[in-house]
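# Chain and residue survey
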Amino acid sequence: MVITVSNQKGGVGKTTTSAALAAGFSMAGKKVLCIDLDPQGNLGFCLGLDTEGGSTILDVLKGDISIQKAISRTEGIDILPSDITLSSSGLEYNPGEEKESILKNVLKPVMDFYDYIVIDTPPALNLLTVNAYAVSDYLIIPMASDILSLVGLSQLKETVESVRIQINPGLKIMGILLNRFNPRTCLCRDVLEMAGQLAGQLETRVFDTKIRSGVAIAEAPAHGESIFEYSPRASAVKDYGKFLDEVEKIIGFREK
Ligand SMILES: Nc1ncnc2c1ncn2[C@@H]1O[C@H](COP(=O)(O)OP(=O)(O)O)[C@@H](O)[C@H]1O
Ligand SMILES: [Mg+2]
């Protein structure tokens, strides 16, 4: 199963959520591959990968190296990292191939090997994002819990719809995840109402679990640990644990 974490806005928790999902799947004993499609390359760092000089997803997309050779292995989680050289133009190299399906095609040889593939995306809706949507079973959309962050998601809806029509009719949106949700400080009722409306437009749900702010979330990557290892008792980390329980109810990754 392929799950993409996406929102064209930056700083909303895409990378954090991707790493938390990967850690959760891995802790459940599943084989996990993470793919970083963001040229900022933060996901590798979040997963404790020493990125210097290794192969990246771009080398694979360009056809310069086989996917098996490009995958880096960290404890429990495999990763295809990215770096600053990644751009949508990296997908223009393969003439004769549908450019929206390049990622899907390069993933074919490893698809059956992994139980879960988690894709982190750039803060954009570009060809890289479309390639991720084209190969995904589910999207998860993290959002910052303020009104302005909730505005302007109509483009995402259009992108999802066009991908469904043209390439991947099975693409589902698992839900909207409200991040940095602080009952005491935010305009909670407004945010919840607006997120609910958005979810309605996207024909999905707002996850019951809201992720509170917590320094542990920001600190964990620098320690090379998942948030669950770094600070299991921090409230924001517990929130991510509950979020994983919700994901479990939807896709049943702890079964078998
Ligand atoms: N709930 C949270 N509490 C505290 N810091 C957070 C939280 N969620 C994300 N962050 C921090 O905010 C920054 C942006 O999050 P990130 O996951 O990288 O967003 P994106 O990938 O959407 O740009 C990171 O430094 C991250 O550690
Ligand atoms: Mg990111």
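Anyway, here's the lowdown on the structure attached to this text. No experiment lies behind these values; they were computed from the predicted model shown. (Residues numbered from 1 in each chain as written. Chains lettered and ligands numbered in written order. Predicted model: local features only at pLDDT ≥ 70, side-chain atom pairs only at ≥ 80, totals over all residues. Heavy atoms only, no water.)

### Considering the environment of isoleucine 77
For clarity, the cut-off: Think of it this way: any DSSP run of H or I at least four residues long counts as a helix, any run of E at least two long counts as a strand, and we number them from the N terminus. By definition, residues are in contact when any of their heavy atoms lie within 4.5 Å.
Mapped onto the elements, isoleucine 77 comes out in strand E4 (residues 77–80). Distance in space between the C-alpha atoms of isoleucine 77 and alanine 23 is 7.6 Å, their sequence separation being 54 residues. Filtering out sequence-adjacent residues up to four positions away, isoleucine 77 remains in contact with Ala22, Ala23, Ser26, Val32, Cys34, Leu47 and Ser72.

### Section: the sheet that holds strand E7 (residues 172–179)
Rules: Two strands qualify as a pair provided that DSSP identifies no fewer than 2 bridges between them. To get an axis, fit a line to the C-alpha atoms, keeping to the stretch in contact for a helix; angles then go from 0 to 180 degrees between the N-to-C directions.
Pairing within the open sheet is mixed, and its 7 strands lie in the order E3-E4-E2-E5-E1-E6-E7. Across the chains shown, the open sheet's two edge strands, defined by having one partner strand only, are strand E3 (72–73) and E7. Bridge count between strand E1 (residues 2–5) and strand E6 (residues 138–144): 3 bridges; the pairing is parallel. For threonine 4, the partnering residue across the bridge sits in E6 and is leucine 139. Of the strands in this sheet, E1, strand E5 (116–120) and E6 are in contact with helix H6 (residues 127–135), which crosses E1 at around 150°. This element, helix H12 (residues 235–251), spans E1, E5, E6 and E7 of the sheet and lies at about 165° to E7.

### Side note on the nonpolar core
What counts, and what does not: Here, nonpolar core refers to any group of buried Ala, Val, Leu, Ile, Met, Phe, Trp, Tyr and Cys residues whose side-chain atoms link them within 4.5 Å. Only protein chains enter the accessibility calculation, which uses a 1.4 Å probe; a residue whose area is less than 20% of its type maximum is buried, one above 50% is exposed, and one in between is partly exposed.
Leu21, Phe25, Tyr240, Phe243 and Ile251 are the most contacted members of the largest nonpolar core, which totals 38 residues. It is H12 that provides the largest number of residues to this core, a total of 7 residues. Beyond its immediate stretch of four places on either side in the chain, tyrosine 240 contacts Gly13, Thr16, Thr17, Ala20, Leu177, Asn179, Ile211, Ile217, Ile227 and Phe228. Of all hydrophobic cores here, the second largest spans 26 residues; its members include Ile57, Ile71, Leu103 and Ala132.

### Structural notes on the site of ligand 1
The condition is simple: Throughout, the term near means that a residue has one or more heavy atoms lying within 4 Å of the molecule or strand in question. Counted as a polar contact is a pair of N or O atoms within 3.5 Å, where, for protein atoms, one must be capable of donating a hydrogen and the other of accepting one, and residues adjacent in sequence contribute only when both atoms are in side chains. The Shrake-Rupley method, run with a 1.4 Å probe, gives the accessible areas here. Residue values count only the displayed protein chains as cover. Space inside and on the surface of the protein is sampled on a 1 Å grid over the protein atoms alone, with a cavity defined as a set of points where a 1.4 Å probe fits but cannot get out and a pocket as an open set with protein on both sides within 12 Å along at least 5 of 7 lines; lining residues have an atom within 4 Å of a point. To qualify as sitting in a cavity or pocket, a molecule needs more than half of its atoms within 2 Å of the grid points.
Contacts to ligand 1 come from 15 residues, most closely from Gly11, Thr15, Thr16, Asn179 and Arg180. Here an oxygen atom of ligand 1 and a backbone polar atom of glycine 13 are 3.0 Å apart. Relative to its free-state accessible area of 560 Å², ligand 1 is covered by the protein chains to the extent of 80%. Taking a 2 Å distance to the grid points as the criterion, the majority of the atoms of ligand 1 fall inside the largest pocket.

### A word on the side chain of threonine 129
Take threonine 129: it is sitting in helix H6. A relative accessible area of 0% places threonine 129 in the buried class. Residues in contact with threonine 129, not counting those within four places in the same chain, are Ser6, Thr121, Pro122 and Ala124.

### Some remarks on the packing of helix H5 (residues 102–111) against H6
Convention followed: We call two directions roughly parallel when the angle between them is under 35 degrees, roughly antiparallel when it is over 145, roughly perpendicular when it lies between 65 and 115, and oblique otherwise. Helix crossings fall into two classes, left-handed where the near helix is turned counterclockwise from the far one by less than a right angle and right-handed where it is turned clockwise. By the convention adopted, Pro, Cys, Tyr, Trp, Phe, Met, Ile, Leu, Val and Ala count as nonpolar, Lys, Arg, Asp and Glu as charged, and the other residues, Gly among them, as polar.
With their axes 8 Å apart at the nearest point, H5 and H6 run at an angle of 45° to one another. If you check the angle between H5 and H6, you find them oblique. Note on packing geometry: the crossing formed by H5 with H6 is right-handed. Where H5 abuts H6, its residues Ile102, Leu103, Lys104, Leu107 and Met111 lie against Asn131, Ala132, Ala134 and Val135. For the contact of H5 with H6, a count of residues per class yields 7 nonpolar, 1 polar and 1 charged.

### Topic: the pairing of strand E2 (residues 32–36)
By the criterion of burial, E2 is predominantly enclosed, with 5 of the 5 residues buried. Taking every second residue as pointing to the same face, both faces of E2 are buried, with Val32, Cys34 and Asp36 on one and Leu33 and Ile35 on the other. Relative to E4, E2 runs parallel, the two sharing 4 bridges. When the bridges of E4 are listed, leucine 33 appears paired with aspartate 78. Here E2 pairs with E5 via 5 bridges, running parallel. By the bridge assignment, isoleucine 35 is partnered in E5 with isoleucine 119.

### Some details on the packing of aromatic side chains
Note the cut-off: Put simply, two rings from Phe, Tyr or Trp (the six-membered ring, in Trp's case) pair if the centres are within 6.5 Å, and we call them stacked under 30 degrees between planes, edge-to-face over 60, tilted for the rest.
Counted by the stated rule, this structure contains 6 aromatic pairs. Between the aromatic rings of phenylalanine 25 and phenylalanine 253, the centroid separation amounts to 4.8 Å while the plane-to-plane angle is 75°, which identifies the pairing as edge-to-face. Here phenylalanine 253 lies in the segment after H12 and phenylalanine 25 lies in helix H1 (residues 14–27), a separation of 228 residues in the sequence. Looking at phenylalanine 253, the relative accessible area reads 0%, which means it is buried. Plain terms: the ring middles of tyrosine 240 and phenylalanine 243 are 6.1 Å apart, the flat faces sit at 80° to each other, and that makes the pair edge-to-face. Placement of the pair is tyrosine 240 and phenylalanine 243 together in helix H12, with a separation of 3 residues, close to one helical turn. For the pair shown, tyrosine 240 and phenylalanine 243 are each scored as buried.

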